[in-house]
Amino acid sequence: MTILTAIIALLALAAVFGALLGYASEKLKVEGDPVVDQIDAILPQTQCGQCGHPGCRPYAEAIAAGEEHNKCPPGGEQTIQELSDLLGRDFLPLDEEHGEEDVKRVAYIREDECIGCTKCIQACPVDAIIGAAQKMHTVIEDECTGCDLCVEPCPVDCIDMVPVEETLESWHRERPPGVGGRPETYIPVENLA
Amino acid sequence: MSLILGPAPHTMQQGDTGAFMRQVVYATGPGLAVLTWIFGWGTLINVLWAVIVAVAVEALVLTMRGRDVRFFLSDWSVVVTGLLLGLSLPPTSPWWLTLVGVAFAVIVAKHLYGGLGMNPFNPAMVGYALLLVSFPVAMTAWIAPFDVPTFSESVALFLGQASPDAFSGATPLDTFRTWAGDAQALAGHDILHGRIAGRGWEWVNAAFLLGGLYLLARRIINWHIPAGFLAGLALPALAFWLVDDVRYADPLFHLFGGGTMLGAFFIATDPVSAATSNQGRLIYGALIGVLIWVIRSFGGYPDAVAFAVLLMNLAAPTLDYYTRPRTYGHDKPDRGIG
Amino acid sequence: MSEIDYGRITRDGLWSNNPATVQILGLCPLLAVTGTVVNGMGLGLATLGVLTASNLLVSLIRNTITETVRLPVFVMIIAALVTLTEMIMQAYTFELYQILGIFIPLIVTNCTILGRAESFAARNPVLPALVDGFMMGTGFLVVLVLLGGMRELIGQGTLFADMDLLFGPVAADWQIKVVENYRGFLFAVLPPGAFIGLGLIIAGKNLIDGRIEAARQRHRAPVEQGTKRVRTTGKVG
Amino acid sequence: MLSLLRGKREPIHDFPGGIHPPENKARSTAAPIRPGPLPHELVLPLNMHVGAPARPVVALDETVLKGQLIAESQGRISAPVHAPTSGRITAIEDRPVQHPSGMTATCIVLEPDGREAWAELEYRPDWAATDPAALLEQVRHSGLAGLGGAGFPTAVKADPGEDTRIEQLIINAAECEPYITADDRLMRERSPGIIRGIRMLAHLLRPDEILVGIEDNKPEAIQALRSAAEGTDIEIRVVPTRYPSGGEKQLIQLLTGKEVPAGDLPARVGVICQNVATAYGIYRYLEHGEPLLSRITTVTGDAVSHPGNYEVLVGTPVKDLLACAGLDADRLGKLVTGGPMMGFTLPEPAAPVVKTSTCLIASTPEELPEPPPEQPCIRCGACAEVCPANLLPQQLYWYAKNDEFERAQQHNLMDCIECGACAYVCPSHIPLVQYYQYAKGEIRNQEAETAKADRARQRFEARQERIERQKAEKEARRRERREAQRRKQEAAPSGDDGTRSDAAVQASATSAGGGSAASGGSDGSGSGNGDDESRADERARRMKQLKVTYNKANKQWKQAQAAFNKAQRDGADNLDQLSANVDKLRTRADEARAELDALVQEAKTDVEAATGRDLKTLKKEATDAELAARRKAKEVQAAREAGATEQAQSLEREHEQLRQDADDKAAWLKRVMEEQGMKEDE
């Protein structure tokens, strides 16, 4: 008798909740996945391809599809951290197979040596190089993402990747050394008559 | 020659954390003296021992954590922790009791959370609660007021060579709790009636009140927490005492009994674990007061400062969250995440 | 999943993905019943049994249940198994059953069990699921016993007291009095002691992991950098 | 002091917090204003103001006269620079400027000739009768920029826009920072000029009220101003001495009770605030035609023997000014420009005095000592009590320390005015302001980076789109050409057999079944070309072989390269040998690749020859057909959902056709490629 009660009870429950689940799965369907946009917004948009994808957007799509989120050297640890927060994944150290984090750089064309071949213009993913065939080219520094894709195609090796220099506008005080430290520094000064 | 560089401001107010903490140490002087006068040498011995243990454990932990021992000891915070815990323990406490409490306070309640400034709970009270929960008998063995053991007896108690049973007597709070509601029995206990409140303890509390007022005068603490604390304790006590003066003790008895003043001026005011805004501090203090009254009146433990403070330590971040001031130029306080 | 690495499953269960110290699952029994070794072991064995059996059953039926009803089905399986275990304990270790009380039925809600069913058994063949259940259960059991031992030692000064509750009269004299005339440290027996004890165990594990990782770092082969780069700008003349 | 406060018509409002640091003002107020030195060179930075740097309008070696424009303003928020004395331009180059980083900026260097020969100046003594708009245009050329230390171009501030009504014009004479007495001395000695300047500002702004806010620790200045303002509608309001009452927002709050909304300008609440020295500068400019050439700067500190206020030519190197004030270099510890609360330490004494230099403190190490090391925050809340903006400095500190910038912003970090009151009272000596400056700087840089990333994304996407479009256009053109050619051929009388390629096209098209242009033709496509077939087979075999060879060689080469790299890192001695090996393997790989490429090319040409179209076109056509079919399928779906059954049915028929077409084209493509021994990926 107990067994019978148990079976009946379980069956009844199964029927009721099964129906409920069926109803819910029909009514509460979720579609679309805006996470790609969110990931893309975090990626640094250098379009450098170091992640193994042709551009940041494709990599964002790949991450959303489950690829590791530690393949972006220009973004570095901060980007990995932000992606970890967004996706609820564990923080991973940067995958060195894709390169290492470096200071921000921009391309600089040594204009005397430029032969005007336009190869770098074709290579630049963000149209940050201007010039025409047989004419000298130059980099729009503000638009250069530092992807260095233009360096290799240059037949005369006249493109340098130079570190972005600090300006009076971008300079700010460093974070103090923390508990136990002094923010102070001494500098030697001469000829102060 | 060389120029010194550094961030603004280039001038600073006198005083540092260590100086603040030293003021707290000085302010406990009257209380310590009265405790010793009423309960004998045990308190003094225990306080000294607690401070020694606290400093030694702190130094040990700092060494293990690879920190600059001298620098971190210079803030005197661990001295205050040891001191407050020592003051809270019964004068009959054996050395190991103090050792366990202080070591736990410094290691678990302070350093496991990251050291000074990072601990969510008042370390001294965590140590006290641990001891009270683990060793209830030893922790309630107070000496009857003015029934002072000799110095050698105190030392023997401290070394664990004498049993506290021979000396211990109930405190006024304990007595009242036991006999509350029984008018006849209450009348028969003269420990309940001193000049202001319960015998002996009234002077202890008066002395801590004096020390607390000194701290207020030196602007080491703000008035908000003690005021809220005392009001939160006295008001419900007054209301219920007016309704039934046999079942409930009178407000003066609460204010000058047990660890009230020590708690109000020295323990609840620990800035690290308290609420930070003035409004928050007022609420924080008041809720501690109410909790103390509730636990004393209806709970199973004779005094309640430690539990009330620890409970409100938990609530402090929430209070801070809801008492955020309105920033200049904003219409209303922003309460985003955090 | 073409190849099943049983070594890996074992390592995961016992160490690198231990349900108690890494996943921090099943805290309720972990903290509540580990006052002594015997309590911890009793509950640990019960959990081990349920976990192994539930992994087995879930793996068996994994291809026949749909995504939407999997949770009720898993819970039903686990609930049935726990009820069985409860009955068994009632029959053979009655005193222990009484001591553990509500925590035996509460195994139903142990996240470890549902977690393994969901994340492993439902996606793997029977044998790996069985091994995984057993190893996870063992990992959990080890932590329960360890924590029980720590708390018993500090709280009462003994080890393996009352083992006869679990193993019958043979085990009656297994008790070891580590400290004579111990006063007892109630704190360790109370729940806060369990939290701190678990914290210490986790800290110890992390310490060892840190050492291992450091040693591995030292012997790691250098990685070829930037070998996986592609051009985003198509073929460039 | 109290008597001064009494009898006010309106009560002084209050601001929260504030501190009372030691004033240290007495020693520099004792002496009257003295002239500064005439150094052997003046260094004039082009960005002495907030906004875009000025643009030089003088050439190297040019001789300039005192008051002559040497750099003009660039854009709206900018200010021009004038020659502070007559002399010769010796350089336009990067020089160290007054900046906490000690970095350089472009400066014009002027070598004074000592003649003090004035350029021709423009007077405006009739300013009261001039139209404010014209007057404002005039002020733009004065070079004035917030002399209180902020450096915001005065003309921009005096022009709140047509539709903004100014209720209060506030003249900031509070000078709340310790040590600084420049405004104090100026008011004591030159009140009439200041009052005239204020009236000129009032003429520009037409405010309802004119309020001068001054701290009660300057009784002489108050007296002087009061008597000068006698008979005007200028009201002198005395406020209690409390730092930072001279902060713009705090002074507005003190005098009017108004708060400037976060992230907005005072004009938003109908208030304009100008510094008292700026008002004096306007007076000098309009009534005497003299642009901003010099300013009153306080030189003080224990390391100078003649502390006081100096009327310094803009551009005077700090070290020359210090020498003039009697600097004892051996005792110098910190060299602070601005006040001790908000000023910064100068790393470079060669930097010049600029328009915003209110004060120079040459302190001894005892006077402004280096701060003790930072202790842990004990959350005492002292900082929150003194914060004039009602922030929670200790929370901001935690967030800045842990780089939680988002949370810091939620706690209104950006409303911090960096007054330093919190750090002044902190018992743990935490350099709070530095934490905030760090966090603010990081946030600003991050915002700039995000903006740049957005731009990069747009440019990248635009580029991709353009490339696609160009490809499509090229394709369209090619197809058009071919179509034209075909039509021409069709129009021309063609023989029975036609050209081979024509036949192939027709045959293929027929076999594909979708080519409507094809009329009849044989169905055994490709079978007629036995020779070609065997050639294609042969090529397919060869290509397969080559592929294997290439892959193998390539792999070997990569391995060899890696081995070589490793050897190089380890410093092995057989580098040459390895290197040779690498080269050899590379050559082999390259050769295989070249041959393979040639074969592929050949295959492609054959395809073109066989079908009349190149492979790309075929692919493109197949893709286009596929896309069209899919699009139609969507339309069908949409129509169904919309309930247009009839429409859906007709669309369905169209879709079927398109689908058929797409499948056929795909099949055709595949077949053509197979015929030529190529795979999809070639």
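Just so it is clear, the structure is predicted and the values come from calculations on it, not from any experiment. The residue count restarts for each chain, going from 1 along the sequence in the order it is written. Each chain gets a letter, beginning with A, and each ligand a number, beginning with 1, in the order they are written. pLDDT decides what is reported in this predicted model: residues at 70 or higher carry local features, side-chain atom pairs at 80 or more are listed and counted, and totals for whole chains, interfaces and linings draw on all residues regardless. Heavy atoms throughout the structure, all of them, feed into the side-chain values; hydrogens and water do not.

**Considering the sheet that holds strand β2 (residues 42–45) of chain D**
In a beta sheet, neighbouring strands pair by backbone hydrogen bonds and run either parallel or antiparallel.
All names here are of chain D.
Turning to step 1, where the next piece is worked out: Taken in spatial order, the four strands of this open sheet run β2-β8-β7-β4, and their pairing is antiparallel. The sheet is open, and its two borders are formed by β2 and β4 (63–64), each paired with just one other strand.
Turning to step 2, where the next piece is worked out: Paired strands, in this sense, are two strands between which DSSP finds at least two bridges. To qualify as a helix, a DSSP run of H or I must reach at least 4 residues; to qualify as a strand, a run of E must reach at least 2; elements of each kind are numbered from the N terminus. Relative to strand β8 (residues 104–112), strand β7 (residues 87–96) is paired through nine bridges, and the arrangement is antiparallel. Bridging across to β8, Arg-88 finds its partner in Glu-111.

**Considerations on the pairing of strand β11 (residues 234–239) of chain D**
On any regular strand, side chains alternate: one points to one face of the sheet, the next to the other face.
Residue and element names in this part refer to chain D.
Turning to step 1, where the next piece is worked out: Accessible area is worked out with a 1.4 Å probe on protein chains only. A residue is then buried under 20% of its type maximum, exposed over 50%, and partly exposed in between. In terms of residue burial, β11 counts as a mostly covered element, since six of its six residues are buried.
Turning to step 2, where the next piece is worked out: Of the two faces of β11, the one holding Ile-234, Ile-236 and Val-238 and the one holding Glu-235, Arg-237 and Val-239 are both buried throughout.
Turning to step 3, where the next piece is worked out: Here strand β10 (residues 209–215) runs beside β11; their pairing, made up of six bridges, is parallel. Among the inter-strand pairings, Gly-213 is bridged to a residue of β11, identified as Arg-237.
Turning to step 4, where the next piece is worked out: When the strands point away from the viewer and the connection leading from the first strand across the helix to the second strand turns clockwise, the crossover is called right-handed. Each parallel crossover has a hand, and the one from β10 via helix α6 (residues 219–228) to β11 is right-handed.

**What about the pairing of strand β9 (residues 168–172) of chain D?**
Residue and element names in this part refer to chain D.
Turning to step 1, where the next piece is worked out: The element β9 is largely enclosed, with a buried count of five among its five residues.
Turning to step 2, where the next piece is worked out: By the bridge criterion, five bridges tie β9 to β10 in an arrangement that is parallel. Paired with Ile-170 across the two strands is Leu-211, which belongs to β10.
Turning to step 3, where the next piece is worked out: Following the backbone out of β9, through helix α5 (residues 182–205) and into the adjacent parallel β10, one traces a crossover that is right-handed.
Turning to step 4, where the next piece is worked out: Strand direction decides the pairing type here: β9 and strand β12 (residues 271–275), joined by five bridges, are parallel.

**Observations regarding the domain arrangement of chain D**
Residue and element names in this part refer to chain D.
Turning to step 1, where the next piece is worked out: The domain architecture assigned to chain D consists of domain 1 (1–23 + 127–289), domain 2 (374–491) and domain 3 (498–528).
Turning to step 2, where the next piece is worked out: Here the C-alpha centroids of domain 1 and domain 2 sit 36 Å apart.
Turning to step 3, where the next piece is worked out: Here, two residues are considered to be in contact whenever any of their heavy atoms come within 4.5 Å of each other. Each side of the interface is counted separately: domain 1 has 14 residues, and domain 2 has 11 residues.
Turning to step 4, where the next piece is worked out: Here the buried area means the combined drop in accessible surface, using a 1.4 Å probe, for two parts upon being joined, counting both sides. Summed over both sides, the interface of domain 1 with domain 2 buries roughly 880 Å², with 62% coming from carbon and sulfur.
Turning to step 5, where the next piece is worked out: Sorting the residues of domain 1 by area buried against domain 2 places Pro-16, Ile-19 and Gln-250 first, and these three jointly supply 44% of that buried surface. Each domain span listed reflects an automatic or database assignment of domains.

**Side note on empty space enclosed by the protein**
Residues and elements named next belong to chain B.
Turning to step 1, where the next piece is worked out: The rule is simple: put a 1 Å grid over the protein atoms alone, call a set of points where a 1.4 Å probe fits but cannot get out a cavity, call an open set with protein on both sides within 12 Å along at least five of seven lines a pocket, and count a residue as lining if it has an atom within 4 Å of a point. Grid points are joined across faces, edges and corners, and a volume is the space filled by probe spheres set on the points. Tallied over the entire structure, the rule returns nine cavities of 30 Å³ or more.
Turning to step 2, where the next piece is worked out: For the largest cavity, the calculated volume is near 410 Å³.
Turning to step 3, where the next piece is worked out: Together, 27 residues line the largest cavity, and Ser-88, Tyr-128, Trp-142, Gly-259 and Asp-303 are the ones closest to its centre.
Turning to step 4, where the next piece is worked out: Among the secondary structure elements, those contributing two or more residues to the lining of the largest cavity are α5 (77–88), α7 (123–134), α10 (172–179), α12 (201–217), α15 (260–267) and α17 (305–322).
Turning to step 5, where the next piece is worked out: Per-element accounting of the lining of the largest cavity gives the leading share, four residues, to α12.

**Points about the domain arrangement of chain B**
Residue and element names in this part refer to chain B.
Turning to step 1, where the next piece is worked out: Domain annotation for chain B reports domain 1 (16–169) and domain 2 (170–321).
Turning to step 2, where the next piece is worked out: Just the C-alpha atoms count here: the centres of domain 1 and domain 2 sit 20 Å apart.
Turning to step 3, where the next piece is worked out: Taken together, the contact pairs 34 residues of domain 1 with 30 residues of domain 2.
Turning to step 4, where the next piece is worked out: Of all residues in domain 1, Gln-23, Asn-122 and Met-125 bury the most surface against domain 2, accounting for 18% of the area lost on that side.
Turning to step 5, where the next piece is worked out: What makes a salt bridge here is a side-chain nitrogen of Lys or Arg within 4 Å of a carboxyl oxygen of Asp or Glu, nothing more. At the junction of domain 1 with domain 2, the criterion picks out zero salt bridges.
Turning to step 6, where the next piece is worked out: Pairs of N or O atoms are called polar contacts if they sit within 3.5 Å, as long as, within protein, a hydrogen donor faces a hydrogen acceptor (for residues adjacent in sequence, only side-chain-to-side-chain pairs). Between domain 1 and domain 2 we count four residue pairs in polar contact (both at pLDDT 80 or more) in total.
Turning to step 7, where the next piece is worked out: Ten residue types, Ala, Val, Leu, Ile, Met, Phe, Trp, Tyr, Cys and Pro, are classed as nonpolar, four, Asp, Glu, Lys and Arg, as charged, and the remainder, Gly among them, as polar. Here the residues of the side of domain 1 that touches domain 2 sort into 25 nonpolar, nine polar and no charged.

**Some remarks on the side chain of Ser-294 of chain D**
Turning to step 1, where the next piece is worked out: Within the fold, Ser-294 of chain D resides in strand β13 (residues 294–300).
Turning to step 2, where the next piece is worked out: Residues in contact with Ser-294 of chain D, not counting those within four places in the same chain, are Glu-311, Val-312, Leu-313 and Val-314 of chain D.

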